[in-house]
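Inside the fold
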Amino acid sequence: MINVVIQGLGYVGAATALTIASKLGKNKKPIFNVIGVERKNNVISKKLIDNINSNIFPHKSNNIQVKSLLKKIENNNNLIATDDIKYFSKADVIIISINFDFKDKNFRDFKLDAFKKSVEDIAINITENTLLIVQSTVPPGTTEKIVLPILVKILKRRGLNHKKIYLSHSFERVMPGDNYMESITNNWRVYAGINKISEQKCKNFLSKIINVKEFPLTRLNNPTESEICKLLENSFRAVNIAFIDEWLRFTERLNLNLFDIINAIRKRPTHKNIMLPGLGVGGYCIPKDPLITKVAAEKIFNFKDLKFPMSVKAASINKKMPDFTFEIIKKICKKVKINKILLMGVSYKDNVGDTRYSAAERLFRKLDKSKFKILLHDPLVKKWRETNKIVNTKIPDIKLIQLMVFLVKHKQFNYINFEKLKKRNKNLFIIDANNVLSKKQILKINKLNIKNYILGK
């Protein structure tokens, strides 16, 4: 079997490990032996390791493939997790799947030390003829100007030939939610190597994992092009989202249905990717990725004159998008004398338990600061780490609530019995701030005479 060591078992790393470990050859036996390596002396890392070694997927998800993959891996016994960096020495392939983060929320400089230390852990233990793939979203120039020099320096000290480490970059396109696991194998991947051998080895490895017949690989000329590809992709999405915000504010004042307007535009094949309005942007990538290249241009390439105005403005607009929902809530609460609010969903995206950079967080903090009494419900989140709040995984007693605000389109919300809610609380008010409720549900709510406000409609 091919030994694959994955550095980092977060939302991307854990899903990558699970998918690779489940791959079978023509003889119906596993192709890969997979080892996940996490940080030492870290509480979160220990929990990730313990879960993987107990055949429990460490991240909350509604994805139906998770259970079947876990069962397959349990039978194969070919996935373990550890905090021992010596396992890098056993690898045929090493995948870096760790966060490259900013120093603070102002996004002015990078946390280089932690990332460099992780690369050093690999360099100290890696053996010759190993393929090393940087899968993380990183600033342009990272693979060639940060990772490669560390490898060269440490391998030279160890008396090893750095040219026999095959370094490449191939960013992840994992889509948490309904297509969480499937998105790893059924998705278009980009790859690039520091030389032709690295490039070819990366291609060969990815071809064993990805459904390349339907989703052909795309080769770029060098790792910096691959790094830029991911950041440009996410920046485009961020600009698209920010663009819709101003139209939402306009159509809301006119009491028009922006969803109908956008769906009419989407009938043109060239305009299918225009975004729908919503609460705001969340997740680990979109809020910060538009700002990475601006900082990289200055810090890595010393281009002081490039300011990336559209990307920077989009990130700023997206960060403040929940403020519009806050103003609507405040206005309604003042009009009908509401103080007790239930927020429905706190994760950044439907059907995942990831709360990093959740748009719900900014809304919650503004409501909390305004002295509203707030209860939280999310079927996939028990503890909201960013706010240090306990979250109800079941809907709390509706009699305690005056206003129910839907923020995340979790599957579980499709099955809410509004008749029961009406019986328990005749004065309940509902706000849908993120296109959560279906047309059928909205019709039902109106038929029951439940007061409501549907953002964008």
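Reference entry: report on the structure contained in this document.

Parameters at a glance
Residues numbered from 1 in each chain as written. Predicted model: local features only at pLDDT ≥ 70, side-chain atom pairs only at ≥ 80, totals over all residues. Heavy atoms only, no water. Pairing = 2+ DSSP bridges. Helix = DSSP H or I, 4+ residues; strand = E, 2+ residues; numbered from the N terminus. Buried < 20%, exposed > 50% of the residue type's maximum accessible area, 1.4 Å probe, protein only. Right-handed = clockwise from strand over helix to strand, strands pointing away. Patch = residues over 30% accessible without salt bridge, like charges linked within 9 Å, V, L, I, M, F, W, Y side chains within 5 Å. Areas by Shrake-Rupley, 256 points an atom, 1.4 Å probe, with all protein chains shown as cover. Salt bridge = Lys/Arg side-chain N within 4 Å of Asp/Glu carboxyl O. Lys, Arg positive; Asp, Glu negative; His and termini not counted. Charge placed at Lys NZ, Arg CZ, Asp CG, Glu CD. Contact = heavy atoms within 4.5 Å. Axes fitted to C-alpha atoms, helices over the stretch in contact; angles between N-to-C directions. Parallel < 35°, antiparallel > 145°, perpendicular 65-115°, else oblique. Left-handed = near helix turned anticlockwise from the far one by under 90°. Nonpolar A, V, L, I, M, F, W, Y, C, P; charged D, E, K, R; others polar.

1. Here we look at the sheet that holds strand S3 (residues 79–82)
Taken together, eight strands build an open sheet; the order of strands is S3-S2-S1-S4-S5-S6-S7-S8 and the sheet is mixed. Looking at strand neighbours, the two that pair on one side only are S3 and strand S8 (218–219), the edges of this open sheet. In this sheet, strand S6 (residues 165–169) lies alongside strand S5 (residues 130–134) in parallel orientation, the contact comprising five bridges. Its bridge partner lying in S6, Leu 132 is registered against Leu 167.

2. Let's talk about the pairing of strand S13 (residues 403–406)
Where burial is concerned, the two faces of S13 agree: the one with Leu 403 and Val 405 and the one with Met 404 and Phe 406 are both buried. Across four bridges, the pairing between S13 and strand S14 (residues 429–432) is parallel. Counterpart to Phe 406 in the pairing with S14 is Asp 432. Once the chain exits S13 it traverses helix H14 (residues 418–424) before rejoining the sheet at S14, and the crossover so formed is right-handed.

3. Quick word on a positive patch on the surface
A surface patch of like charges, here positive, comprises Lys 47, Lys 60, Lys 382 and Arg 385. Checked against the element boundaries, Lys 47 lands in helix H2 (residues 43–53).

4. Some remarks on the environment of Ala 192
With respect to the secondary-structure elements, Ala 192 resides in strand S7 (residues 190–193). Take Ala 192: its relative accessible area is 0%, and that puts it in the buried class. For the pair Ala 192 and Ile 133, spaced 59 residues apart in sequence, the C-alpha to C-alpha distance is 9.5 Å. With residues up to four places along the chain from it excluded, the contact list for Ala 192 reads Ser 168, His 169, Leu 220, Asn 222, Pro 223 and Ser 226.

5. Observations regarding the packing of helix H8 (residues 223–254) against helix H11 (residues 309–320)
Where H8 meets H11, the axes come as close as 8 Å, and the angle between the chain directions of the two elements is 55 degrees. Overall, the two elements H8 and H11 adopt an arrangement that is oblique. The way H8 lies across H11 gives a crossing that is left-handed. On the side of H8, the interface is formed by Ser 235, Ala 238, Val 239, Ile 241, Ala 242, Asp 245 and Arg 249, while H11 contributes Met 310, Ser 311, Ala 314, Ile 317, Asn 318 and Lys 320. In terms of residue class, the contact of H8 with H11 is built from seven nonpolar, three polar and three charged.

6. Some words on the pairing of S6
S6 sits mainly inside the fold: five of its five residues count as buried. Alternating residues of S6 divide into Ile 165, Leu 167 and His 169 and Tyr 166 and Ser 168, and every residue in both groups is buried. Traced from S5 through helix H5 (residues 142–158) to S6, the parallel crossover comes out right-handed. When S6 meets S7, the two strands line up antiparallel, connected through two bridges. Each bridged residue has a counterpart across the sheet, and for Ser 168 the counterpart in S7 is Gly 193.

7. Overview of unusual backbone geometry
Even without being glycine, Asn 255 reaches a positive phi, approximately 60 degrees. Judged by its relative accessible area of 69%, Asn 255 is exposed. Its identity as a non-glycine residue notwithstanding, Tyr 357 has a phi of 55 degrees, on the positive side. Examined against the element boundaries, Tyr 357 turns out to sit in the loop between strand S9 (340–344) and helix H13 (359–369).

8. A word on the sheet that holds strand S10 (residues 373–377)
Spatial ordering of the open sheet is given by S10-S9-S13-S14-S15, a layout of five strands whose pairing is parallel. Bordering the open sheet on either side are S10 and strand S15 (451–454), each of which pairs with just one other strand. Averaged over neighbouring strand pairs, the angle between their axes works out to 20 degrees when direction is ignored. The pairing of S14 with S15 spans four bridges and is classified as parallel. Opposite Ile 430, over in S15, you have Asn 452 as the bridge partner. In the packing of helix H12 (residues 322–336) onto the sheet, the strands contacted are S9, S13, S14 and S15, and the crossing angle to S14 comes to about 165 degrees. Packing against the sheet, H13 makes contact with S9 and S10, and its axis sits at approximately 155 degrees to S10.

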